[in-house]
Amino acid sequence: MEEAVTKPTKKGGARLCCICNQSRAALKRPKTLEQICKECFYEVFEEEIHQVIVDNQLFKPGERIAIGASGGKDSTVLACVLSELNRRHNYGLDLFLLSVDEGITGYRDDSLETVKRNEVQYGLPLKIVSYKDLYGWTMDEIVKMIGLKNNCTFCGVFRRQALDRGASLLKVDKVATGHNADDIAETVLLNILRGDIARLSRCTSIVTGEDGPIPRCKPFKYTYEKEIVIYPCSLKCSVVIEKFTYAYFKRLDYFSTECIYSPNAYRGFAREFIKDLERIRPRAILDIIKSGENFRISTSTKMPEQGTCQRCGYISSQKWCKACVLLEGLNRGLPKLGIGRSRGLNNDNKKEKDVTQSNGAKSIESKQCGTLDF
Amino acid sequence: MACDSSTCQSNCYKRQLVEEEPIASKSGDSNKQSVCVKCKAKEAVSGAGEDGRFCRECFRSNLYGKFKLAVTSNAMITPSDNVLVAFSGGPSSRVVLQFIHEMQQRAQKNFDASKDRSLPVFGVGVTYIDESAYHSVPSCEIDEAIEDIRSIVSNLAPPAKELHIVPIEGVFALDSLDCERERLKTLLDSVSDATGKEDLLLHLRMLTLQKRRSAAFDGVVQDVFTHKYLRLQVASENGYNRLVLGLCTSRIACHVITATVKGQGYSLPADIQYVDARWEVPVVLPLRDCLASELNMFCHLDGLKTLEFSNGPCSGINGLVSSFVKLLQEENPSRECTIVRTAGKLTPFHFNRIPELNDSNVPLATRRRQKRFNLKPNESISSESFCPLCFSPLSKSDLSSLSSFESCQDYDILGAACSSCRFQIFPKDPSSMEHFYSVLPQPLLIRAKKCSNGNRSLLRQFQKDGSNLQPTSNIDNQVLAAANCLPKE
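Residues numbered from 1 in each chain as written. Chains lettered and ligands numbered in written order. Predicted model: local features only at pLDDT ≥ 70, side-chain atom pairs only at ≥ 80, totals over all residues. Heavy atoms only, no water.

Outline the packing of helix α8 (residues 181–194) of chain A against helix α9 (residues 249–261) of chain B, supporting the account with residue identities and numerical values.
Two elements in contact, α8 of chain A and α9 of chain B, have axes separated by 11 Å at closest approach and are oriented at 160 degrees. Compared by their axis directions, α8 of chain A and α9 of chain B come out roughly antiparallel. Crossing handedness for the pair α8 of chain A and α9 of chain B: right-handed. Touching V188, L189, I192 and L193 of chain A of α8 of chain A are V256, I257 and T260 of chain B, all from α9 of chain B. Of the residues contributing to the contact of α8 of chain A with α9 of chain B, the split by class is 6 nonpolar, 1 polar and no charged. (Axes fitted to C-alpha atoms, helices over the stretch in contact; angles between N-to-C directions. Helix = DSSP H or I, 4+ residues; strand = E, 2+ residues; numbered from the N terminus. Parallel < 35°, antiparallel > 145°, perpendicular 65-115°, else oblique. Left-handed = near helix turned anticlockwise from the far one by under 90°. Contact = heavy atoms within 4.5 Å. Nonpolar A, V, L, I, M, F, W, Y, C, P; charged D, E, K, R; others polar.)

Go over the nonpolar core with me, naming the residues and quoting the values.
If you look at the biggest cluster of nonpolar residues, it comprises 132 residues, and the most contacted ones within it are F273 of chain A together with L243, I257, L389 and L414 of chain B. The biggest single contributor to this core is α8 of chain A, with 8 residues. Beyond its immediate stretch of four places on either side in the chain, F273 of chain A contacts L189 of chain A together with I257, V261, L320, V321 and F324 of chain B. By size, the runner-up hydrophobic cluster in this structure holds 51 residues, among which are V95, V124, I142 and V244 of chain B. (Core = buried A, V, L, I, M, F, W, Y, C linked by side-chain atoms within 4.5 Å. Buried < 20%, exposed > 50% of the residue type's maximum accessible area, 1.4 Å probe, protein only.)

Describe unusual backbone geometry, with residues and values.
If you check the backbone angles, N21 of chain A has positive phi at about 55 degrees while not being a glycine. Note on placement: N21 of chain A falls in the loop between α1 (2–11) and β1 (27–28). The exposure class assigned to N21 of chain A is exposed, which follows from its relative accessible area of 53%. For A75 of chain B, which is not a glycine, the phi torsion comes out positive at approximately 55 degrees. Within the secondary structure, A75 of chain B sits in the loop between α3 (56–73) and β1 (82–86).

Summarise the UniProt feature "domain: tRNA(Ile)-lysidine/2-thiocytidine synthase N-terminal" (unreviewed entry) in chain A; cite the residues concerned and give the values.
UniProt annotation of "domain: tRNA(Ile)-lysidine/2-thiocytidine synthase N-terminal" (unreviewed entry) refers to residues 65–228 of chain A when read in the numbering used here. Across residues 65–228 of chain A one finds 53% helix and 15% strand; the C-alpha atoms that close the span lie 21 Å apart. (UniProt positions renumbered as here; feature names shortened; annotations may be inferred.)

With reference to specific residues and values, describe the packing of aromatic side chains.
Under the counting rule described, the total for this entry stands at 19 aromatic pairs over all chains. Between F154 of chain A and F158 of chain A, the aromatic rings sit 6.2 Å apart at their centres with planes inclined by 80 degrees, giving edge-to-face as the arrangement. Placement of the pair is F154 of chain A and F158 of chain A together in helix α7 (residues 151–169), with a separation of 4 residues, close to one helical turn. The pair F154 of chain A / F158 of chain A is uniform in exposure class, with both members buried. Measuring from centroid to centroid gives 5.8 Å for F351 of chain B and F386 of chain B, while their planes differ by 45 degrees, and the two rings are tilted. Within this pair, whereas F351 of chain B is found in the loop between α13 (335–344) and α14 (364–369), its partner F386 of chain B is found in the loop between α14 and α15 (396–402), the two being separated by 35 residues in sequence. Positioned over the ring face of Y266 of chain B is R296 of chain A, at 5.3 Å from the centre of the ring. Directly above the aromatic system of F391 of chain B lies the positively charged group of R447 of chain B, at a separation of 4.4 Å from the ring centroid. (Phe/Tyr/Trp six-rings, centres within 6.5 Å; stacked < 30°, edge-to-face > 60°. Lys NZ or Arg CZ within 6 Å of the ring centre and 35° of its normal.)

Which residues make up the sheet that holds strand β8 (residues 283–284) of chain B, and what values do they have?
Residues and elements named next belong to chain B. Taken in spatial order, the 6 strands line up as β3-β2-β1-β6-β8-β7 in an open sheet, and their pairing is mixed. A strand with exactly one partner marks an edge of an open sheet, and here the two such strands are β3 (162–167) and β7 (275–276). Where β1 and strand β2 (residues 123–130) come together, 5 bridges link them in parallel fashion. For N82, the partnering residue across the bridge sits in β2 and is G123. Across the sheet, helix α4 (residues 91–113) is in contact with β1, β2 and β6 (242–244); its angle to β1 comes to roughly 155 degrees. Its contacts with the sheet place helix α8 (residues 194–210) against β1, β2, β3, β6 and β8, and it is angled at close to 145 degrees to β2. (Pairing = 2+ DSSP bridges.)

Laid out in structure tokens, this is it:
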């Protein structure tokens, strides 16, 4: 990446931007390998996202949209681009930043500082919901109790609900998350490797949870991670991104910002594989997404019936939602409750599978456990 | 065990396996552990079977059982058939040849013993495709290999099996071998993408195996021993009605990932079923459920001779994927099976089954032998349009991009190619399309023309029906933009 940004500028070269044919090319666009100037890159980058939003009718005028903000590169750039496009193309959206504080010392507290600066920079109202407030437990406390095994199950289940609860507190119509093309391609591959045909059929859809209370959308579905990394180098975002680019250029490894509780060799495999593919053939990422969209999966698979949790009222296919089961286990000092074959609370054995299926595999999904957008 | 398999992620799963093994070995005494888990009589051979606890005989019968089940439940081979085994010399095709031979021997025994002789014995032929024109292997090595193949095949008698050795360049059906070699080189040189070149060679190989009965395209093949030119006929030319490939689970798993990476998600299920009857001669994969490691083990235990060519490692996407899958398989020994099982859940095509024999010429006994207890005919979707180059079924969005092509040039029939072929095999520069078209082998062009007509009529039909052929998503625009290096508006 450093190479892509700095090398061409250093060499100088007489090569002109292949879009405007006026300015000197400043970088090689990762998605297409064309040499373009900085201005054209921002133009192309933002307009592509605009096109995705328009083509897929992601937003309607007057909607309130929460941006899932973790302070990482994806959500920061998403906030920046969405507020810019909202202004430029008159989407008429009310944008909000929504963060979840898992309570992981040394990881989340730092990234929340970035989100707070984003709030000032873009003038977007910020809402932080914390595990401590919602559930009475921080991740640090949970890990202290259950150890490093299965902790991602807790974090994943709690975050999903926390994000929905935060969104309903903000009374938003939709949540936009910063999943990029690399994440989605990775999820497609992981679902094949894992044999999860149900997830394989829906992991490429740009809007999910339309039947749920608050749908989620991924405006960065076709946006390459590499381009998201380059984007902040503009002057526009410099203040906010300063920290990030700094962090990025200081430690070139993506995984350096991985959640401290989530060591995951398996996801590393797939991530590395995608990066190798991209090196040989940049379009492979889009091709994987295309394959994911075109898979012939019969739609007759039974979906679990959706009800509400008798305890907290959240959507659930069981008597109690997964978060309540896990929480009950924590509070009663039986953290194994709800992990694996749940005994005790949800005795309905027939439906058991659905619960474990929908929650169990969360932690090897594309996003690192600690990041907000999942 | 701390983690339960139902919620456990695979990295835990591995840990669990590691934990489990010592416990298992502790619980049983040392004698018990080395006894075959199936017959509980003979000593287990390490590495035999999926968990390495079978004795030699049980391992053998287990592997043969998988083969036989695939054959019978998909009606791959019936008594009146004439099957052609594609033999590369590698472990997979060696095992498939061995198993087919054993099956034929049994059929022969039954035939000899039966009174009315109503069930004939199916015929077996073997073909080896000589790719030395591409792989630049020293000629002495090739001669040696061919001699080995001859001895392997001749040792598998009775019943006798005919061996066809066909050079890959024969697909061009030109006047002399040198011309054909030259043409093959020109064609492959015109493909700049390393992965595209490999895939094109793969398509040519299939075309060679399938070669059609037509006087003009009979391959003229040099017999290395007599130095005479012989007219050899492969597959349908020689009355074969099944083509047996030795593709095993491991290879299919790699194909699943490569096809996904190349954006062929739609056509993927066509390639990975037991039967693929879109070709003139239906292709069958009886080793679909066997792992490469098992096949290697089998060859080792049975002392089957295999040939290894120094073809050099696959480069590009294919090489990358196979090393990735290998890595995953080492991490979890059931990974390849999982990949194939996932892809197996995708809806297959209507041609993924042996066509029903309703012909009254076929003896009733044979027809009755066509068991098909695993097949659900109504689930598959019918599709009639194919990519002219790789012959994979086209999705609606692929077909819709076809409408923009006007047929004014000969080479426009290639416009109906799938996006993957267009990207990795077609020349980047549109002006070299005509040259590329001119060096393609005739049989491929004939098929392409047929495809093209079919596709156009299908398209017209769609347009008449007023059905919406617009791409269902904007991914095609995205891919197009990426491919053409054009900015989006």
